[in-house]
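Fold and contact review
So the chains spell out like this:
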Amino acid sequence: MMYMEEITLLFHNQSREETLSQLATDAQKGLRSEQVTALREKYGENKLREKKKKSTLQRFLDQFKDVMILILLAAAVVSFVVVCVERNWGELFEPLLIVLIVILNAIMGVYQEGKAEKALDALKNMSAPHARVIRDGVERVIDASGLVLGDIIKLEAGDFVPADARLLQSVSLKSEESALTGESVPSEKDADASVDEKAPLGDRSNMVFSGCSITYGTALAVVTATGMDTEMGKIANLLDGEGETQTPLQKKLAQLGKYLGIVALAACAVIFVVGLINDIPPLEIFMTAVSLAVSAIPEGLPAIVTIVLSIGVQRMVKKNALIRRLPAVETLGSASIICSDKTGTLTQNRMTLVKAYLDGAQDTVDITTENGENVRHLLTYGTLCCDGSVVFDGEKEQHIGDPTETAIVLAAHKNGLPKDALNEKYPRLAGIPFDSDRKLMTTVNRIDGKNIVIVKGAFDMMMPRCIKGDMERARRMTERMSENALRVLAVAYKEIDAVPANPTSEELENGLCFLGLVGMIDPPRPEAKVAVATCRRAGIKPIMITGDHVVTASAIARELGILQDGDRAITGAELDAMTDSELDAQVEQISVYARVSPENKIRIVKAWQRKGQVVSMTGDGVNDAPALKAADIGCAMGITGTDVAKGAADMTLTDDNFATIVDAVREGRGIYANIKKVVGFLLGTNIGEVITVFAAMLLWHKTPLLSMQLLWINLVTDSLPAIALGMEAVEADVMDRKPKPKNEGIFAGGLGVRVVLQGCMFALLTLVAFWIGWGGSDANLAAGQTMAFTVLALSQVVQAFNMRSEHSLFKIGPFKNGKLNLAALTSVLLVALVLFTPVGIAFGLVILPWQYYLIALGLIFVPLVVMELAKLLGLVRHKH
């Protein structure tokens, strides 16, 4: 690796030819496949060193950091020492059993953490950046981790730079390098620049660096360093300091756990004192009190929530929604406004050129494979002014770049005008890239010995820049084509004497000769109409935001059901003319925004947020990043989206489909509902345990459950059933409810009251079971504890099924959650293991008369009857 570090410093000081020669590569054809294989074996993947993960042993030891666990282990050790000193070997099982159960709990914790980590790693790999590379003379898109030294890469506005690279060609290139240089303003880049050997990073204008982003322009570059040899790699150690972040919900639950812990400790302290007063052996009552605290404090709740979130996120990936940040899952459940781009999201993004209009003509003409010379001339100029390309692999077409451009390129190709041949015949000399403010793109090409400026873009931006052509007729044609839901682009040109060194819009995009219009169709997605209807039913308002003509946008919005009677469609210019207070007054009536700028998007988001709404916003360009960050849920496009947009977003739609956003909201609501079910289940059962022991000590001065019995119940019921409950399928009516208010607590809708009442129910059932088994006689204390253990453990398993839905268990199908069935069966077998085998002796359990088991069975199913009645009477239902 040292060799690379030595030569990397020189690339900015070398000519393009020297760089290419030193890296043994070709600017046109790139590396050969065998070179790539050899270089990857030598230097490894293009990845930064990741933060060292905890080993399984470290994670296991971390399970014992909890103070209560340490106290319990200390008590077990003391008990063990006392047994050894007194040589009372019959009591040896208890301390050993407690240690065994604690170790089993720790193993379960390690398993849960490992599962969550694997899920998050899988998500990270799915969101890995890509690179456009030329190899063996063919352009292709690959994972950035596959780049090697000497690869020829293409860059354009919105791309993250995948590796350090020396520029070979650049057009108006700017790179945002604040991560490396601290410079907040994007740095101008120039492939032709001469740079001093000792120039600092910020002054190496002929280089681009890994981890930075392209904010403007296009470039061709050769990779000069990868992985840890890049400039970003050299500071990678600084990145290792990033802490693990928790979601807001996890933080709230962790805080809740602390409060419950204080209550549980206070109850345990009272239990300990009452036990001492009533001559219960100090060590026994101490261990019971500590075991109760360990069992009752839901210290595993944040970890289980992580698993539920991660599993839910994995489920979303299968539905084409890639969540980048876990808090977004919580926010999704509250989404009340979905602002969506039109092209490709609400429509199919299968742009096909269908119409052309030539300046001065009476009407439009259809695009075919055999158009006349004038249309072919328009297609030639349109294609020369495109960065998009279409790569053919047999019958398969791969469209690379903007779909509106690839539609023009494909139409030209079908007319015998392949883009590569046109670029070779009429080389590009300069250009100004497209941006969403100008809505234009310009190139300068050498055509038949002349320097021809070609401008392509929105007609309303082009019209005032043209000095030749029948613009009024062209305007009418644009409107007519737009009314037929066609997307229209105008093409114009002019001749110049000399190509400017630094081309500007003022210089090139004025005094133009109008050439004609091209119209392309992008039909609405069939599933988008269904998704819009689902939004309406779920209390979510869908809004269309587009750069298209207002007439085109309105036609499609009306067809999809977004624009309804009484709704308005406005343009970006009209929005600009509004004050914030005027926008606030009208925003609820506006369903379509046409011809908008990225700045307009931020205003729309903030206007809705001022109304207390939770806003989802889609975006794909560099300039969309601020709006994506401002929105409560930023959704980047996975296909057309730039790397910068994806980096700013909370979620990436891998299929660029509006229906996927609605599916993600549905999943988000389902995941949040499942977390509420898990929280309700765990807290209800834990509260039941505390009340049981607390009440028994106060009423009868007897402990109804021994320390190892409590710990076994905790092990059996607090982990597997809880995780399985979190994997419950999303309920069918979840989108028939209004969105969850933004700041609604997890105990809203009566959950807090139900948790306490359910805890009281478990306590009452367990105390009844204890009394039946004990009967007030010390001789029967073990029988009472066995009854209490049986009823408390198994009624909790039954409660896991009750918590699956707010609807009747028999209506949704009692055994449809296969994972919960398996978890419940495992729990029942583990309880049976200690009830009906000699293992029970170590737990202080005894074999009961068969009548007692029948009574216990009846008590175990009381929660099912109670919950079914509560559901029938409407006491358990969603409040929104």
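Cut-offs applied
- Residues numbered from 1 in each chain as written.
- Predicted model: local features only at pLDDT ≥ 70, side-chain atom pairs only at ≥ 80, totals over all residues.
- Heavy atoms only, no water.
- Helix = DSSP H or I, 4+ residues; strand = E, 2+ residues; numbered from the N terminus.
- Buried < 20%, exposed > 50% of the residue type's maximum accessible area, 1.4 Å probe, protein only.
- Contact = heavy atoms within 4.5 Å.
- Areas by Shrake-Rupley, 256 points an atom, 1.4 Å probe, with all protein chains shown as cover.
- Lys, Arg positive; Asp, Glu negative; His and termini not counted.
- Charge placed at Lys NZ, Arg CZ, Asp CG, Glu CD.
- Pairing = 2+ DSSP bridges.
- Axes fitted to C-alpha atoms, helices over the stretch in contact; angles between N-to-C directions.
- pLDDT = per-residue confidence, 0-100.
- Expected span 1.5 Å × (residues − 1).
- Arc of directions from axis to C-beta.
- Disulfide = S-S within 2.5 Å.
- Phe/Tyr/Trp six-rings, centres within 6.5 Å; stacked < 30°, edge-to-face > 60°.
- Lys NZ or Arg CZ within 6 Å of the ring centre and 35° of its normal.
- Patch = residues over 30% accessible without salt bridge, like charges linked within 9 Å, V, L, I, M, F, W, Y side chains within 5 Å.
- Salt bridge = Lys/Arg side-chain N within 4 Å of Asp/Glu carboxyl O.
- Core = buried A, V, L, I, M, F, W, Y, C linked by side-chain atoms within 4.5 Å.
- Polar contact = N/O pair within 3.5 Å; in protein donor to acceptor, adjacent residues only side chain to side chain.

Side note on the overall build of the chain
The number of helices and strands found in the chain is 36 helices and 25 strands. Overall size of the chain, expressed as C-alpha extent along the three principal axes, is 110 × 70 × 50 Å. Scored against the burial criterion, the 880 residues of the chain give a buried share of 55%. Considering only residue pairs separated by 6 or more positions, the chain has 72% of its internal contacts joining residues 24 or more positions apart. When the accessible surface of the chain is split by element, carbon and sulfur atoms take 58% of a total near 37,200 Å². Counting 89 positive and 101 negative side-chain charges, the chain places the averaged centre of each group 4 Å from the other.

Examining unusual backbone geometry
Only a minority of non-glycine residues have a phi that is not negative, and only a minority of peptide bonds are not trans. Positive phi is not limited to glycine here, since Asp136 has a value of about 55°. Within the secondary structure layout, Asp136 lies in the loop between strand E1 (130–135) and strand E2 (138–143). For Asp136, a relative accessible area of 39% translates into the label partly exposed. Positive phi, normally seen in glycine, also occurs at Asn320, with a value near 75°. Considering the arrangement of structural elements, one finds Asn320 in the loop between helix H12 (301–318) and strand E8 (321–323). The class for Asn320 is partly exposed, based on a relative accessible area of 30%.

What to know about the sheet that holds E8
Taken in spatial order, the 8 strands of this open sheet run E8-E25-E24-E23-E9-E20-E22-E21, and their pairing is mixed. Only two strands of the sheet have a single neighbouring strand rather than two, namely E8 and strand E21 (568–571). Shown here is a sheet whose adjacent strand axes are inclined to one another by a mean of 20°, direction ignored. As judged from the 3 bridges shared by E8 and strand E25 (residues 651–653), these two strands associate in the antiparallel manner.

Focus: the confidence of the model for the chain
Per-residue pLDDT for the chain has a mean of 85; in total, 90% of the residues score no lower than 70. Note on residues 1–9: pLDDT under 50 across the span, and 14 contacts to partners over four residues away in sequence or across chains. Across residues 237–245, where pLDDT falls below 50, the model places 6 contacts with residues more than four positions away in sequence or in other chains.

Here's the deal with helix H33 (residues 818–836)
The end-to-end C-alpha separation of H33 is 26 Å, in line with the 27 Å expected for 19 residues at 1.5 Å each. Restricting attention to buried positions, one finds in H33 the residues Leu820, Ala823, Ala824, Ser827, Val831, Val834 and Leu835. The buried residues of H33 all sit within an arc of 110° when viewed along its axis, so they share a single face. Residues of H33 that are exposed and angled more than 90 degrees away from the buried face: Leu822 and Leu829.

Observations concerning the state of the cysteines
As enumerated under the stated definition, the model contains 0 disulfides in all. Between Cys385, a free cysteine, and Cys386, which holds the nearest cysteine sulfur, the sulfur-to-sulfur gap is 6.5 Å.

Concerning the packing of aromatic side chains
In the structure shown here, the tally under the stated rule is 10 aromatic pairs. Judged by centre distance (5.3 Å) and plane angle (20°), the ring pair of Phe770 and Trp774 falls under stacked. You can see Phe770 and its partner Trp774 sitting in helix H30 (residues 751–774), 4 residues apart, about one turn around the helix. The exposure class of Phe770 is buried, given its relative accessible area of 0%. Members of the aromatic cluster, each reached through a chain of ring pairs, are Trp700, Phe770, Trp771 and Trp774. Directly above the aromatic system of Tyr216 lies the positively charged group of Lys174, at a separation of 5.9 Å from the ring centroid. Its guanidinium or amino end placed over the ring of Tyr672, Lys740 lies 4.4 Å from that ring's centre, counting from NZ or CZ.

Some details on the environment of Asp584
Turning to its location among the elements, Asp584 is positioned in helix H23 (residues 580–586). In sequence terms Asp584 and Lys611 are 27 residues apart; their C-alpha atoms lie 7.9 Å from each other. In this view, Asp584 contacts Ala607, Arg610 and Lys611; residues no more than four positions away in its chain are not counted.

Quick word on a nonpolar patch on the surface
Where nonpolar side chains cluster on the molecular surface, the patch consists of Val77, Phe80, Val81, Val85 and Leu96 and spans about 450 Å² of accessible area. Considering every element that reaches the nonpolar patch, the biggest residue donor is helix H5 (residues 67–86), with 4 residues. If you trace the backbone, Val81 turns up in helix H5.

Re the nonpolar core
Of all hydrophobic cores here, the largest spans 128 residues; its most connected members are Met544, Phe658, Ile675 and Phe789. Among the elements that make up this core, the one with the highest residue count is helix H27 (residues 658–700) (17 residues). Not counting residues up to four positions away in its chain, the partners in contact with Phe658 are Ile338, Ser340, Thr345, Leu346, Ala528, Ala531, Val532, Cys535 and Pro542. Core analysis: the next-biggest nonpolar cluster, separate from the first, contains 31 residues, Leu384, Ala407, Ile454 and Leu515 among them.

As for the side chain of Asp151
In this structure, Asp151 sits in the loop between E2 and strand E3 (152–156). A relative accessible area of 0% places Asp151 in the buried class. Polar contacts involving the side chain of Asp151 include one to the side chain of Arg135, which spans 2.6 Å. Non-local contacts of Asp151, meaning those with residues more than four positions away in its chain, are made with Leu31, Val36, Val133, Arg135, Gly146, Ala221, Val222 and Val223.

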